[in-house]
Amino acid sequence: RMSLTEKIGALGTNTPEIKSLGLPRYNWWSEASSGVQSARNTETTKFPFPITTGMSFNRSLWKLVGRQIGREARAAMNTGNAFSTFWAPVINLAREPRWGRNIETPGEDPYLTGEYAENFVRGFQEAPEDPSHIQASACCKHYVANEMESTTQADGEHHDRNHVDSTVSMQDLVDSYMRPFQACVEKGRVSSLMCSYNAVNGVPSCANDWLLQTVARENWGFDGYITSDCDADADVYKSHHYTSTPEEAVKAVLNAGTDIDCTSFVPTYAQSALDKGLISVQDIDERLKMLFRVRMRLSHFDPKGPLDYIPASAICSDYAMQLSHDAVQQSASLLKNMNQTLPLQKDRVGTVAIIGPNWNLSKSDAGYYGPSHPCGRFFTLVDAVSKRGQVKTESIAGVPSVLSEDQSGIDAAVEMAKKADTVLLAVGTDLSWAAEGHDAKNISFTTAQSVLIERVAAAAKKPVVIVTFTAVPLDVSEILANPKVGAVLHLGQPSVAVMGIAPILYGESSPAGRTIQTIYESSYQDQISIFDFNMRPGPSTFARPDCTNHNASQCPKGTNPGRTYRFYTGKAVIPFGFGLSYTTFRYSLATVPKSLSLEPLGDLLTSQSDLFPRSAQLQSTMSRSNWKEQAQYAVNVTNTGDRDADDTVLGFLIPPDAGMDGIPLKILFGFQRVHVKAGATETVWLYPSMLDFATVGKNGQFKLHPGEYRVQFGIPDTLPFGMGFAEDKLSAIEPTVAYV
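One structure accompanies this document, and this report is about it. (Residues numbered from 1 in each chain as written. Predicted model: local features only at pLDDT ≥ 70, side-chain atom pairs only at ≥ 80, totals over all residues. Heavy atoms only, no water.)

Attention shifts here to the packing of helix α9 (residues 246-256) against helix α10 (residues 265-275). Running from N to C, α9 and α10 point in directions that differ by 105 degrees, and their axes come no closer than 8 Å. Relative to α10, the element α9 lies roughly perpendicular. Between α9, through Pro246, Glu247, Ala249, Val250, Val253 and Leu254, and α10, the contact on the second element is made entirely by Phe265, Val266, Tyr269, Ala270, Ser272 and Ala273. A class-by-class count of the residues in the contact of α9 with α10 yields ten nonpolar, one polar and one charged. (Axes fitted to C-alpha atoms, helices over the stretch in contact; angles between N-to-C directions. Helix = DSSP H or I, 4+ residues; strand = E, 2+ residues; numbered from the N terminus. Parallel < 35°, antiparallel > 145°, perpendicular 65-115°, else oblique. Contact = heavy atoms within 4.5 Å. Nonpolar A, V, L, I, M, F, W, Y, C, P; charged D, E, K, R; others polar.)

Take the packing of aromatic side chains next. Counted under the stated rule, the structure contains 32 aromatic pairs. Ring centres of Tyr520 and Tyr524 lie 4.0 Å apart, and the angle between their planes is 20 degrees; this geometry places the pair in the stacked category. With respect to class, Tyr520 is no different from Tyr524; both count as buried. Between Phe576 and Phe652, the ring centres sit 6.4 Å apart and the planes meet at 80 degrees, which makes this aromatic pair edge-to-face. Here Phe652 lies in strand β22 (residues 645-654) and Phe576 lies in the loop between α20 (564-567) and β19 (585-591), a separation of 76 residues in the sequence. Members of the aromatic cluster, connected to one another through ring pairs, are Phe57, Trp62, Phe86, Tyr111, Tyr116, Phe120, Phe124, Tyr565, Phe576, Phe652 and Phe671. Note that Lys666 overlies the ring of Phe652, its terminal NZ or CZ placed 4.2 Å from the centroid. (Phe/Tyr/Trp six-rings, centres within 6.5 Å; stacked < 30°, edge-to-face > 60°. Buried < 20%, exposed > 50% of the residue type's maximum accessible area, 1.4 Å probe, protein only. Lys NZ or Arg CZ within 6 Å of the ring centre and 35° of its normal.)

As a further point, take the pattern of salt bridges. Throughout the structure, instances matching the rule amount to 36 salt bridges. Between Arg514 and Asp647 there is a salt bridge, with its nearest N and O atoms 2.8 Å apart. Residue Arg514 is found in the loop between α18 (502-505) and α19 (524-527), and its partner Asp647 is found in strand β22; the two are separated by 133 residues along the sequence. The exposure class of Asp647 is buried, given its relative accessible area of 0%. In this structure, Glu727 and Arg710 form a salt bridge, with 2.8 Å as the shortest nitrogen-oxygen distance. (Salt bridge = Lys/Arg side-chain N within 4 Å of Asp/Glu carboxyl O.)

We now examine helix α7 (residues 209-219). Within the sequence span of α7, burial applies to Leu211, Leu212, Gln213, Val215, Ala216, Arg217 and Asn219. The distance from a side-chain oxygen at the start of α7 to the backbone nitrogen of Trp210 is 3.2 Å, and the residue carrying that oxygen is Asn208. (Polar contact = N/O pair within 3.5 Å; in protein donor to acceptor, adjacent residues only side chain to side chain.)

As a further point, take the side chain of Glu108. Positionally, Glu108 belongs in the loop between α3 (59-78) and α4 (110-125). Here Glu108 occupies a buried position and makes no salt bridge, while the nearest side chain of opposite charge, Arg566, is found at 8.3 Å. Here the side chain of Glu108 touches Thr518 through a polar contact of 2.8 Å, side chain to side chain. Beyond its immediate stretch of four places on either side in the chain, Glu108 contacts Leu93, Ala94, Ile516, Gln517, Thr518, Tyr520, Thr564, Tyr565 and Phe576. (Lys, Arg positive; Asp, Glu negative; His and termini not counted.)

Let us now look at the side chain of Arg287. Structurally, Arg287 is set in helix α11 (residues 281-297). Here Arg287 falls in the buried class, since its relative accessible area comes to 9%. Of note is the side chain of Arg287, whose polar atom sits 3.1 Å from the backbone oxygen of Leu254. Residues within four places of Arg287 in sequence aside, it is in contact with Leu11, Gln213, Arg217, Leu254, Gly257, Thr258 and Asp259.

A separate point is the sheet that holds strand β6 (residues 165-166). Strand order in this open sheet of three strands is β6-β8-β9, and the pairing throughout is mixed. Only two strands of the sheet have a single partner each, and these edge strands are β6 and β9 (203-204). Pairing analysis gives two bridges linking β6 to strand β8 (residues 199-200), with the strands arranged parallel. Of the residues in β8, the one forming a bridge with Ser166 is Val200. (Pairing = 2+ DSSP bridges.)

Rendered as structure tokens:
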């Protein structure tokens, strides 16, 4: 019934009215990474950015946040203020500390990111009222290896996301970059994927039929629509020069499986591509089938159902606001706490000075992939500290902004610090430092911020509290070593939800967040270019970033020290998984498997022809072989302090020959958050997946990796600070039958 003009128009983001079907215009593009961004002038709940909530290691929280955002999306749609398809979450890895969009991700680990994707998406899409439909459509992006925005190195070499060809080994693609997307598709059942601006090994993502068809749809069983990033289809022709004409680019993206073009390149050139015989009407119909299928799952063409009665009162409810604050409370990570500097005693803090360029960070980042009109006020750290007026506060920036080197205001900040009874320093980065479109230039504090910290800390009556607001993992070596800095509390980027930190500051709750980014020494940024997408250590084909010779051939090549905790060969300033508490914990292992046969895994790997073992097949194999019962650890978590508190138990495997021949140094296999009363013991059950005992070869193929593994719960770095840690050995036994 649709005319050809209507069909072509429906391939663009802003689909015009389809008169033949009686359908009004529809816009596929909405954002919701930290709350519904655009609901006309409707206020919506702002949640902390994923770089914060990822630190909670709490699947239930991620699902509840996703569900509330999805519910507000449907409520806004029901009032005519929103559409139904939202391009969130971002599940690229924070593999590079300078990447501009780390703020939108849940961290650097592929397993953690996949767990986040599964739970956020299922919360977002699935409503208890109507299991037959989805309340709002989520989209996992940016597929794939998109972790660079725009950078010009000192030698003049420049790359940006629209032009870059990400050269990635099959080994890194399979065991790092693509793993979260597989989890999002297979376990999260996401209804959309976004192909990215960049090319991957010579082929633009949106024209890459191997990525979109072979892997996503055929191997993983993806059942949904694929959108391009905005103008990424045009980039196939204009930026990557992958095709000679716009019409050939239309053919490439449609045949690869891109269903929606954000914005209008495909609708503009589709008729010409038809006239030239490059595409057929059937090619267009194949793409439209996917689009209408998703709209059917959204109940767009059904009689009114339960989802259509979600009221506007679901938006900005007391529950939603409290959940937003709880997300910050659960995610804050305590990096230092000398002589119990924290928590503060509300009746003893006196006048509190909040000093630093981020004392009022809130409004400037609230609308970044989140609500343009967040409900409530634009709360700041000052509001959290004041406890709604119960505590006297004063504030001053000291330096004008996070990037400013103007030190003229530091004297005034020092004078305020001298007079105050308690001092908090609000420092770090904001969107001017790193965001979509531009990467960070460095991973160290500006000179002005460093001087501000040092002088204010020296002038204060007692050790100060540093509160870091940053998605860029800044080198905090000097802060940790400074005896006048009593505590360091890392918040990521909470935005207006920063009110949630008040219970942590005043001891009503104990921090249990864990870092989700390795914090490197600042020299890291001089060793390896952001343009190098290799995860594993080794020589780089790119010049050292600190080389200033504009004749690039004269610059020494960089050396990749390895990216993320899985491959980094240096000594981290703060390792992945670090976090302290106001109480102390002890771990003991109550149930300890000693050996595991890898024969069922060998059978699985030899029986499947796809590159990626399917999650359903893996779970079936594990179930048939009673894997869980054989591989499960019982970790007794004892609170040995005097405060009730949450603890976050992380399980790691250290493989045999770790760090050799591309084998990871360490992998996260499980995590569980648990509340433990003072003096009590709770048991946490964790077990590694069967696939954790396989490695990925250079060809991208999984292969058995038998031998003796070290199993760790917690990280040894926090043991001296009273946190739990336990370690054991586990033998993975090679099958008697040889597997090739």
